[in-house]
Amino acid sequence: MAGAGDEPTRCGYVALIGAPNSGKSTLLNRLVGQKLAIVTPKAQTTRTRLLGIAIEGAVQIIYMDTPGIFAPRRRLDRAMVAAAWSSAADADEVLLLVDASREMGEDTRRILGALSERGRRSILALNKIDLVRRDRLLGLADALSREGRFDPIFMISGLAGDGVEDIKRHLAASLPLGPWLFPEDQLSDAPERLIAAEAAREQVFMQLHDELPYACTVETERWEDKPDGSVRIEQAIYVQRPGQRAIVLGEGGQRIKAIGSRARIELERMFGRRVHLFLFVKVRQGWVEDRERFEALGLDYDA
Ligand SMILES: Nc1nc2c(ncn2[C@@H]2O[C@H](COP(=O)(O)OP(=O)(O)OP(=O)(O)O)[C@@H](O)[C@H]2O)c(=O)[nH]1
Ligand SMILES: [Mg+2]
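Regarding the coordination of the magnesium ion (ligand 2)
No. 1: On the protein side, the magnesium ion (ligand 2) has Ser-25 (OG) and Thr-46 (OG1) as donor atoms, found 2.0 to 2.1 Å from it. In this pair, Ser-25 sits in helix α1 (residues 24-32) while Thr-46 sits in the loop between α1 and β2 (50-56), placing the two residues 21 residues apart along the sequence.

This is the structure in structure tokens:
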């Protein structure tokens, strides 16, 4: 497979793991140079593993965005956390992200414990340095390096881009020699139907509050390529109770309209074609226990 010149090719998987909201999806998009993963200010946005594939010279780097790791309660939480840990187990390199703008939380502590139990060496990235004073940062780096086996430690801003090139350079030099595993123009393994559902879910997270984003899941139910080059997409937003349906719809249908129009704009940008998006809100009390809903997300129901 392709490589640059005479240099031997390298290829490997890098799992981005960390507490919810530490900035994994933002960093994935930055590393790949394109928006693939949805990003919101709310915790537990990402629900499943998503590949972002990048080429650095003769090296193909396969990044894995993962759900945040936290103490799971629901079956869905367990499946999300399991997806993150199994990504870490599959990876050549594990990159732990820590939000340096906050006190180290329980979730990060638990991750540190689990990594050291597994004897797993990992790369540490202190993220969101655009929000932090330098002296605080050094203190945190010091505390973390005493708690885990980290080599090296980066200080980055996934949002602004600081330090991201250093991570790429490090990975390009350290991933194993071997052929590329994906065609050189492939950016992700995610099917377009899933990407499309994620765009609507991003708006659900952005535009709805409290427990509602966590009570919703989105699935693409129909996908029709039109002769004029546009695509017609029908999606279901599942909620658990009729009261939630009313809130998602909003007064006079205003909320669902706003969710659909923002998601459509995003999809047109991502797919580079006209999109006709139709959203339907369905009440299914037990969707959080539905095997089918987990499979649509690519999650292990029995995790
Ligand atoms: N200031 C600043 N904000 C950031 C940075 N990276 C991410 N954020 C913000 O942090 C929030 C969470 O970012 P995500 O990328 O969704 O975090 P995540 O780790 O993928 O979160 P989950 O999927 O919920 O686990 C968003 O509001 C981002 O804009 C950064 O480097 N600096
Ligand atoms: Mg995420």
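As for the packing of aromatic side chains
No. 1: Under the defined criterion, the tally for this structure stands at 3 aromatic pairs.
No. 2: Geometrically, the ring pair formed by Phe-205 and Tyr-214 is edge-to-face, given 5.4 Å between the ring centres and 75 degrees between the ring planes.
No. 3: On the basis of relative accessibility, which here comes to 0%, the residue Phe-205 falls in the buried class.
No. 4: Look at Tyr-214 and you get partly exposed, because its relative accessible area is 22%.
No. 5: A centroid spacing of 5.2 Å and a plane angle of 85 degrees characterise the contact between Phe-294 and Tyr-301, whose relative ring orientation is edge-to-face.
No. 6: You can call Tyr-301 buried: its relative accessible area is 13%.
No. 7: In this structure, Arg-75 packs its charged tip against the face of Tyr-301, placed 3.9 Å from the ring centre.
No. 8: We note Arg-232 situated over the ring of Phe-278; from NZ or CZ to the ring centre the distance is 4.0 Å.

What to know about helix α5 (residues 164-174)
No. 1: Turning to α5, its buried residues are Val-164, Ile-167, Lys-168, Leu-171 and Ala-172. The buried side chains of α5 occupy one side of the element, clustering within an arc of 130 degrees when seen end-on. The exposed set on the far side of α5, more than 90 degrees from its buried face, consists of Arg-169 and Ala-173.

Topic: the side chain of Lys-24
No. 1: If you trace the backbone, Lys-24 turns up in helix α1.
No. 2: For Lys-24, which is buried and forms no salt bridge, the nearest opposite charge comes from Asp-65, at a distance of 5.9 Å.
No. 3: Among the polar contacts listed, one links the side chain of Lys-24 to the backbone oxygen of Ala-19, at a separation of 2.9 Å.

Thoughts on the packing of helix α6 (residues 192-207) against helix α8 (residues 254-271)
No. 1: Put simply, α6 and α8 touch, their axes get as near as 9 Å, and they point 135 degrees apart. Classed by the angle they form, the pair α6 and α8 counts as oblique. Crossing hand, α6 versus α8: right-handed. For the pair formed by α6 and α8, the contact residues are Glu-192, Ile-195, Ala-196, Ala-199, Ala-200, Glu-202, Gln-203, Val-204 and Gln-207 on the first element and Arg-255, Ala-258, Ile-259, Arg-262, Ala-263, Glu-266, Leu-267, Met-270 and Phe-271 on the second.

Parameters at a glance
- Residues numbered from 1 in each chain as written.
- Chains lettered and ligands numbered in written order.
- Predicted model: local features only at pLDDT ≥ 70, side-chain atom pairs only at ≥ 80, totals over all residues.
- Heavy atoms only, no water.
- Donors = N, O, S within 2.8 Å, 3.2 Å for Na, K, Ca; no water.
- Helix = DSSP H or I, 4+ residues; strand = E, 2+ residues; numbered from the N terminus.
- Phe/Tyr/Trp six-rings, centres within 6.5 Å; stacked < 30°, edge-to-face > 60°.
- Buried < 20%, exposed > 50% of the residue type's maximum accessible area, 1.4 Å probe, protein only.
- Lys NZ or Arg CZ within 6 Å of the ring centre and 35° of its normal.
- Arc of directions from axis to C-beta.
- Lys, Arg positive; Asp, Glu negative; His and termini not counted.
- Salt bridge = Lys/Arg side-chain N within 4 Å of Asp/Glu carboxyl O.
- Polar contact = N/O pair within 3.5 Å; in protein donor to acceptor, adjacent residues only side chain to side chain.
- Axes fitted to C-alpha atoms, helices over the stretch in contact; angles between N-to-C directions.
- Parallel < 35°, antiparallel > 145°, perpendicular 65-115°, else oblique.
- Left-handed = near helix turned anticlockwise from the far one by under 90°.
- Contact = heavy atoms within 4.5 Å.

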